[in-house]
Amino acid sequence: MNHVVRRCLRLLWLLPGLAWGQPEPANTNYWILLEGKDITAPPALSPAALARRQLQQLPIDDTDRPVSSAYLHQLQQTGIRPLRQSRWLNAVSARLTFEQRRQVLALPFVKAIQPIDPALIITATEPVSKPQLAPVMTQIQAPDFARAGLTGRFVTIGVIDAGFFGADSANALKHVFTRQGVRQVRDYVHPNRPQTNLLRTLESMSDFHGTEVLAAIAGTDPTENIQYGLATDATFYLARTDQGNREYRGEEDNWVAAMEWMDSLGVRLINTSLGYAKGMSNPKENYEPKQMDGHTSLISRAAQIAADKKGILIVVSAGNEGDDRSWRIISTPADAQGVLAIGATNAKLWNRIGYSSIGPESLPYLKPNVSCFSLYGTSLSAPVITGFAACLMQANPKLTNKQVMEIIEKSSHLYPYGNNYVGYGVPQASRALALVKNQSLPSTARSIKASGKSLTLDVNTTEPAVSVFHKKDATHVLQQEAAKVSSGKLTLKRSSGEKQTTVDLIREVIEVVWE
């Protein structure tokens, strides 16, 4: 596996009882969380965004109104310069001195402040001349979308990433730029520079990452006859929120600002391959695995607001920490219930590839949601599923974000027997198209009961080995294995503590419930 470029971003929570006199940087970035809003202020939404809300029957509420101008004025009077404003979180970010923190906390409209200490994880890769994404197109049945004429046309996609260097000159993306398919770009790292510099300035190798992600969503190379992504005719808005050459300087408030910008434009499908976990220069400031709970981090809270109140489908890479025994689980915002978190599978058996992060057992819902093949990281499996979602949105523009998410899950090859290694498995275009048309699906899943310590099954496969998930309950995997098939028979050996077993035959799934 190619070297994976990892950097980490986290939010240091202000713990109760933390003494102000403890050593910390003289000037630190903070979120300033505010009380209430001006209810007379109009929503900060474009006509297209308002129309989308009306179509999806989503009400306009306080999270659509801007931060109070009166509050901003009072902050400015105290010498505070807001860096970013979040109408969703009703907050502003600012760089504060020790004395300014005291002044801000004394203001009657300030609910709390929380320091931002970023160390962004980008599930990125070194640039490759020919990303090996073609196999995944077969895995997800891309030809079925092509035969149906689905290419993401009329669907707008936002991409939040680390950089888009050379995107306008990449062979796989020439067709997108030729038709002016990229409508706007925003660089939240260098907002005062000409925005076209985003495509032409190389500060680090991470600046290629968004280009690769965009290619995995919409790329096609006619000279090589390789299709990299499904949404070849979609429209795009691009945002850079991380500076790759500053190891711990990814900004969480940049990410929230980019989300709100895209929402204001009416974007309803967003891909992001940025995640927050550990890796801080000071290990005491890292997130803890138990904090991947879907609501501890502000970025997950913002993602949930986007899903519940803005009608946005956010497709997030699950993370590349599966081999890291000190972590292993997904990062945030992949932990938010409302996002579609994407893991990565092996090419042949469709089980979890080693680096792909697993879902925390403490979550009351399944993560990752689905998975697909990627040799180079979950940051390149997520955009494949973003393209998949765009095709469904083109097929039926009236589908809500949650309906699209449900269709993708139900179309996956393990459904309904998902697990915290690969979710519901690999989405299948043929099944998804049938679901969009409200057609019934052929039965490909069955459950059987067994007792004792072993079981021999008759299996309909010509493969010499199949994937087996040994589970402690319905969803949590004890271990996965490649089990040998001999003369059409598969022998299962029950592990200690094993309550259920999923046998993955690709075209059929068998769930064994041990009594």
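Residues numbered from 1 in each chain as written. Predicted model: local features only at pLDDT ≥ 70, side-chain atom pairs only at ≥ 80, totals over all residues. Heavy atoms only, no water.

Right, let's get into the pairing of strand β23 (residues 500-504). A large share of β23 lies buried, amounting to 5 of its 5 residues. Neither face of β23 is exposed, since Q500, T502 and D504 on one face and T501 and V503 on the opposite face are all buried. Inspection of the sheet shows strand β20 (residues 465-471) paired to β23 by 5 bridges, in the antiparallel sense. Bridge assignment links S467 to a residue of β23, and that residue is D504. Across 5 bridges, β23 lies against strand β24 (residues 509-514) in antiparallel orientation. Considered in β24, the bridge of Q500 is made with V513. Adjacent in sequence and paired antiparallel, β23 and β24 are bridged by 4 residues, among which I506 carries a positive phi angle near 70°. (Buried < 20%, exposed > 50% of the residue type's maximum accessible area, 1.4 Å probe, protein only. Helix = DSSP H or I, 4+ residues; strand = E, 2+ residues; numbered from the N terminus. Pairing = 2+ DSSP bridges.)

This brings us to unusual backbone geometry. The omega torsion of the bond from T332 to P333 falls at 15°, within 30 degrees of zero and hence cis. Here Y415 and P416 are connected by a cis peptide whose omega angle stands at 10°. One non-glycine residue, F154, lies in the positive phi region at around 75°. Relative to the helices and strands, F154 resides in the loop between α5 (142-147) and β8 (156-161). In this model, S487 sits at a positive phi of 55°, which is unusual for a non-glycine residue. For S487, the location among the structural elements is in the loop between β21 (477-484) and β22 (489-493). For S487, a relative accessible area of 76% gives the class exposed.

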